[in-house]
Amino acid sequence: MNQCTILTIEDEPAISDILRLNLKSAGYEVISTNNVKQAENVVKTIIPGLIILDWMLPGTSGPTFAKLIRNDKRTQNIPIIMLTAKSLEEDKIEGLNAGCDDYVVKPFSPKELVARIRALLRRRSPELTEDAVSNFGLSLYPATRTVSGNKQEITLGPKEFKLLHYFMTHTDRVHSRAHLLNHVWGDHVFVEERTVDVHVRRLRQALTSTGFHKLIQTVRGVGYKFIGEQNNQPFP
Ligand code: CA
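Residues numbered from 1 in each chain as written. Predicted model: local features only at pLDDT ≥ 70, side-chain atom pairs only at ≥ 80, totals over all residues. Heavy atoms only, no water.

Caption draft 1: Quick peek at unusual backbone geometry. Following Lys 106, the chain continues into Pro 107 via a peptide bond in cis, with omega recorded as -5°. One non-glycine residue, Asn 150, lies in the positive phi region at around 50°. Inspection of the secondary structure assignment puts Asn 150 in the loop between strand E8 (146–149) and strand E9 (152–154). Backbone geometry places Lys 151, a non-glycine residue, at a positive phi of 60°. Relative to the elements of secondary structure, Lys 151 occurs in the loop between E8 and E9. For Lys 151, a relative accessible area of 88% gives the class exposed. (Helix = DSSP H or I, 4+ residues; strand = E, 2+ residues; numbered from the N terminus. Buried < 20%, exposed > 50% of the residue type's maximum accessible area, 1.4 Å probe, protein only.)

Structure, rendered in structure tokens:
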């Protein structure tokens, strides 16, 4: 299972507990915080897959934190759902303008929230969902953590699996090593860029017997690209 870590920022303990329980039972890893300062400390060390953000918080407000997240290159792509008692149209607009991707009004249905999280991840971070992906006959199943191609089961280590999942959900674009560290490793602060090359090499080795290693291309001086079949491209 490809686990997505959700960071919640909610100062009301009862709501924070409801979030934790429901997100955990939906299969997510949860980090609960109750103010922006705590959340900032979390984001310094890991890049969560998604943020659930209350509007009214002691100290810094939710929208201000959303702006901070959006203005930092390292965190700018994290999907954010604003969770708030404010239900006026202008509040929703302000929340969306601050950089939130979705808006859920309290009292909320946990089931609906989970459905919105899934929809948002599918749209913004398909590598964090359980949806199976297929490309030129190479198939990856996140729910069972299996990969197959040309009727063969392909065995991958956890990092290689994550890397392939990211490549398969983001084909035909060049990814720099720093970008891959951010999105596959969760951060590039503590890991060297050379690490990416090591794992790409391992992934290529694991794919060689099925011929799918050809889908990974090295773009000199930049990084790596994974060939997708979407644009009617021939198999390389
Ligand atoms: Ca609050």
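Caption draft 2: How the structure looks around the coordination of the calcium ion. Taken together, the protein ligands of the calcium ion are Asp 11 (OD), Asp 54 (OD) and Met 56 (O), with distances of 2.1 to 2.3 Å. Binding-site remark: the calcium ion is held by donors from one chain whose sequence spacing is D-x42-D-x1-M. Of this pair, Asp 11 sits in the loop between strand E1 (5–9) and helix H1 (13–25) while Met 56 sits in the loop between strand E3 (50–54) and helix H3 (62–71), and the two are 45 residues apart along the sequence. Given a relative accessible area of 34%, Asp 11 falls into the partly exposed group. (Donors = N, O, S within 2.8 Å, 3.2 Å for Na, K, Ca; no water.)

Caption draft 3: View of the packing of aromatic side chains. According to the stated counting rule, one finds three aromatic pairs in the structure shown. Plain terms: the ring middles of Phe 136 and Phe 235 are 5.4 Å apart, the flat faces sit at 85° to each other, and that makes the pair edge-to-face. In this pair, Phe 136 is assigned in the loop between strand E6 (133–135) and strand E7 (138–141) and Phe 235 in the segment after strand E12 (223–226), connecting sequence segments 99 residues apart. Take Phe 136: its relative accessible area is 18%, and that puts it in the buried class. What makes Phe 235 partly exposed here is its relative accessible area of 35%. With a centroid separation of 5.9 Å and an interplanar angle of 80°, the aromatic rings of Phe 212 and Phe 235 are classed as edge-to-face. On the criterion of sequence distance, the pair formed by Phe 212 in the loop between helix H8 (194–208) and strand E11 (216–219) and Phe 235 in the segment after E12 is long-range, its members being 23 residues apart. With a relative accessible area of 2%, Phe 212 lands in the buried category. Every member of this aromatic cluster is reached through a ring pair, and the members are Phe 136, Phe 212 and Phe 235. (Phe/Tyr/Trp six-rings, centres within 6.5 Å; stacked < 30°, edge-to-face > 60°.)

Caption draft 4: Here's a closer look at the pattern of salt bridges. In the structure shown here, the tally under the stated rule is ten salt bridges. Note that Lys 106 is salt-bridged to Glu 10, the shortest N-O span being 2.9 Å. Here the residue Lys 106 occupies a position in the loop between strand E5 (102–105) and helix H5 (110–124), and Glu 10 occupies one in the loop between E1 and H1, the gap between them amounting to 96 residues. A relative accessible area of 16% places Lys 106 in the buried class. According to the relative accessible area criterion, Glu 10 is buried, its value standing at 1%. (Salt bridge = Lys/Arg side-chain N within 4 Å of Asp/Glu carboxyl O.)

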